[in-house]
Amino acid sequence: MQIRKKQHLNEKNSNLSVDFLLKMNIIDYERKGLTMLIQFNFKNFKSFRDEATLDLSAAKMTEFLNRVISVGNEKILPVAAVYGANASGKSNVYGAFEYMSEYVVHSFKYGDEEKDFDDIRPLPFLFDISSENADTSFEVYFTVPGDKTEKCYNYGFCIGKTGVTEEWLNYKAKTARKYSTIFYRDEETLDLAGIPKTSRENIEIALEKQVLIVSLGAKLKIAKCKLVRDWFLNNEFADFGDVVTNFFMSRVLPTGFIEDEKIRENVVKYFSSFDETIKGFEVTKLPAQEDSKEEKYLIDALHKKIGSEDMAKIPLAHESAGTLKMFALYPELQDVLQNGGVFFIDELNARLHPLLVRNFILTFLNPEINVNHAQLVFTTHDTWQLSNQLLRRDEIWFTEKDDMGLSTLYSLADFIDEDGSRIRKDESYEKNYLLGKYGAIPSLKTIDFFKEG
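All of the points below concern the structure found in this document. (Residues numbered from 1 in each chain as written. Predicted model: local features only at pLDDT ≥ 70, side-chain atom pairs only at ≥ 80, totals over all residues. Heavy atoms only, no water.)

1. What to know about the sheet that holds strand S12 (residues 236-239)
Right, on to step 1. Taken in spatial order, the six strands of this open sheet run S12-S17-S18-S6-S19-S20, and their pairing is mixed. Only two strands of the sheet have a single partner each, and these edge strands are S12 and strand S20 (407-411). Each neighbouring strand pair of the sheet contributes to a mean axis angle of 15°, computed without reference to strand direction.
Right, on to step 2. In terms of strand pairing, strand S6 (residues 79-84) meets strand S18 (residues 375-379) through four bridges, oriented parallel. In the strand pairing of S18, Ala 81 is matched with Phe 378. (Pairing = 2+ DSSP bridges. Helix = DSSP H or I, 4+ residues; strand = E, 2+ residues; numbered from the N terminus. Axes fitted to C-alpha atoms, helices over the stretch in contact; angles between N-to-C directions.)

Take a look at the structure:
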């Protein structure tokens, strides 16, 4: 199996040294500070015409209080699971956050040629003429690493048919009640009051309609802009609903895998949490090709032979789809556990046994392992995880699409049943969900078109 080294947009420490899934040892990392998502809002993105909110702030409830993280005056959750029928909009929640991140990181490169912007503009809700021509908006509330004052930040922007129509960055001190403005722009206003005077003129000169202040400012090394850009860079994504992405991820090596034997040992420990037959890996560098400078490697998994101390070499490509998926998840898991941040995964359950999925989730829920308070947001169809023994009600989310093609996003904690009551923490979430009590399930009809007429 030909594997490529993982390339990061920013350099990250790669010394993962814990058997975190097998023995649950306490991790002795230096704390990086709390890098956490509090809330994500978006509007007019694909099947979501109206504003949708994914809120990771903890509701006032009694279950699993030990997993709630306090930052400033915020109480934040480590996990959010998004359920829903096929084509209900689950992947669009993932896609909206990924789009926002990509635009923040890359928009400084976008030019002012309007004819090219159609390829960059986010896809709005197309089944309504008014929304088809309306802006798409994205907004996050978050905390940043290393901030001993525990400020919370609010950043967002709107994109229309020809570029950015609005952008804002605000912050709130731990003791403050309201947010203060760092900068604000719309199509008529450019307020850079919170940006150092020495940098304002550079932004005013270089800013183009398609470019975000945060993206440009980070490129110009303006600290407050770089802070926001780096927050987005710190997050990780894995889209297992995308065949191309899935193929690529399973062929990317964990950081340090080639050079550091300790990293390879940790990958073996990681695999031993679900497959103890893999005892090691053998890495062979392939000859360089004349038309490519990219380094490629052949990876063989080592398995112990029965009745012998010798090892059998099996190309990694011949391992099961589930094993390859867990290999693909390792680099991002390694980074996010070490550095904090949000790990967004689309279709976490695909090709994985429910117990393995649960073990993965528990990695984020265990404060002795997840010392840097990384967060996991994932979409899934795996109802076995829909349990009051694993998740809080405010960690469970649903997407539902109506007859007009409109998706909505809502939490089990906010759900009101037919009797006007909220869901109790002792209910069987899985059973009631499959019975349709919470919505967000397929509307099925008998497949009878094969019957002879």
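2. A look at helix H7 (residues 261-272)
Right, on to step 1. Between the first and last C-alpha of H7 there are 17 Å, a value that for 12 residues agrees with the 16 Å anticipated at 1.5 Å per step.
Right, on to step 2. Within H7 the residues assigned to the buried category are Ile 263, Asn 266, Val 267, Val 268, Tyr 270, Phe 271 and Ser 272.
Right, on to step 3. Here the buried face of H7 lies against strand S14 (278-285) and helix H8 (321-339).
Right, on to step 4. You can read the cap of H7 off the contacts: a side-chain oxygen lies 2.8 Å from the backbone nitrogen of Lys 262, and it is on Asp 260. (Expected span 1.5 Å × (residues − 1). Buried < 20%, exposed > 50% of the residue type's maximum accessible area, 1.4 Å probe, protein only. Contact = heavy atoms within 4.5 Å. Polar contact = N/O pair within 3.5 Å; in protein donor to acceptor, adjacent residues only side chain to side chain.)

3. Comments concerning the pattern of salt bridges
A side chain of one charge can pair with a side chain of the opposite charge when the charged atoms of the two come close.
Right, on to step 1. Counted under the stated rule, the structure contains 13 salt bridges.
Right, on to step 2. Between Lys 226 and Asp 230 there is a salt bridge whose closest N-O contact spans 2.8 Å. In this pair, Lys 226 and Asp 230 both sit in helix H5 (residues 223-233), four residues apart, roughly one turn of the helix.
Right, on to step 3. Of the residues examined, Lys 226 reaches a relative accessible area of 35% and is grouped as partly exposed.
Right, on to step 4. For Asp 394, the salt bridge goes to Arg 392, with nearest N and O atoms at 2.8 Å. The two residues Asp 394 and Arg 392 agree in class, both being buried. (Salt bridge = Lys/Arg side-chain N within 4 Å of Asp/Glu carboxyl O.)

4. Considerations on a nonpolar patch on the surface
Right, on to step 1. The grouping of Leu 123, Leu 126 and Phe 127 at the surface amounts to a nonpolar patch, some 330 Å² of accessible area in total.
Right, on to step 2. Along the polypeptide, Leu 123 turns up in the loop between helix H1 (90-106) and helix H2 (129-132).
Right, on to step 3. Leu 123 gets classed as partly exposed once you look at its relative accessible area, which sits at 43%. (Patch = residues over 30% accessible without salt bridge, like charges linked within 9 Å, V, L, I, M, F, W, Y side chains within 5 Å. Areas by Shrake-Rupley, 256 points an atom, 1.4 Å probe, with all protein chains shown as cover.)

5. A look at the nonpolar core
Right, on to step 1. The biggest cluster of nonpolar side chains holds 58 residues, and the ones touching the most others in it are Phe 40, Val 140 and Tyr 155.
Right, on to step 2. Broken down by element, this core gets its largest block of residues, eight residues, from H1. (Core = buried A, V, L, I, M, F, W, Y, C linked by side-chain atoms within 4.5 Å.)

6. Things to note about the sheet that holds strand S3 (residues 52-55)
Right, on to step 1. If you walk across this open sheet you meet the seven strands as S3-S2-S7-S8-S9-S10-S11, and the pairing is antiparallel. Edge positions in the sheet fall to S3 and strand S11 (190-191), since each has one partner strand and no second.
Right, on to step 2. One ladder, built from seven bridges, connects strand S7 (residues 136-142) with strand S8 (residues 152-159); its direction is antiparallel. Note on S8: the bridge partner recorded for Tyr 141 is Asn 154.

7. Here's the deal with the packing of aromatic side chains
Where two aromatic rings form a pair, the distance of their centres and the angle of their planes describe that pair.
Right, on to step 1. Overall, the coordinates contain 42 aromatic pairs when judged by the stated rule.
Right, on to step 2. Aromatic side chains Tyr 94 and Phe 237 sit 5.9 Å apart centroid to centroid with 90° between the ring planes, which places their arrangement in the edge-to-face category. Placement of the pair is Tyr 94 in helix H1 and Phe 237 in strand S12, with a sequence separation of 143 residues.
Right, on to step 3. According to the relative accessible area criterion, Tyr 94 is buried, its value standing at 2%.
Right, on to step 4. The ring of Phe 64 has Arg 67 sitting right over it, with the charged end atom 3.9 Å from the ring centre.
Right, on to step 5. Against the face of Phe 240 rests Lys 325, its NZ or CZ located 4.4 Å from the ring centre. (Phe/Tyr/Trp six-rings, centres within 6.5 Å; stacked < 30°, edge-to-face > 60°. Lys NZ or Arg CZ within 6 Å of the ring centre and 35° of its normal.)

8. A look at the packing of H1 against H5
Right, on to step 1. Packing of H1 against H5 leaves a shortest axis separation of 9 Å and a crossing angle of 135°. Here H1 lies oblique to H5, going by the angle between them. Seen along the crossing, H1 lies across H5 with a hand that is left-handed. Residues Phe 97, Met 100, Ser 101, Val 104 and Val 105 of H1 touch H5, and the partners they reach there are Arg 229, Trp 231, Phe 232 and Leu 233. (Parallel < 35°, antiparallel > 145°, perpendicular 65-115°, else oblique. Left-handed = near helix turned anticlockwise from the far one by under 90°.)

9. Points about the pairing of S18
Right, on to step 1. Along S18, five of the five residues are buried, which leaves the element largely enclosed by surrounding structure.
Right, on to step 2. With burial as the criterion, each face of S18 is covered, one bearing Gln 375, Val 377 and Thr 379 and the other bearing Leu 376 and Phe 378.
Right, on to step 3. Sheet analysis places strand S17 (residues 342-346) next to S18, joined by four bridges and oriented parallel. Of the residues in S18, the one forming a bridge with Ile 345 is Phe 378.
Right, on to step 4. The β-α-β motif built from S17, the intervening helix H9 (residues 354-365) and the parallel element S18 has right-handed crossover chirality. (Right-handed = clockwise from strand over helix to strand, strands pointing away.)

10. Points about H9
Right, on to step 1. The end-to-end C-alpha distance of H9 is 16 Å, a good match for the 16 Å that 12 residues give at a rise of 1.5 Å each.
Right, on to step 2. The buried count for H9 comes to nine of 12 residues, which makes it a mostly enclosed element.
Right, on to step 3. Among the residues of H9, Leu 356, Val 357, Arg 358, Asn 359, Phe 360, Ile 361, Thr 363, Phe 364 and Leu 365 are the ones counted as buried.
Right, on to step 4. Tucked into the core, H9 has its buried residues touching S6, H8, S17 and S18.

Scope: geometric values only; no functional claims are made or implied.
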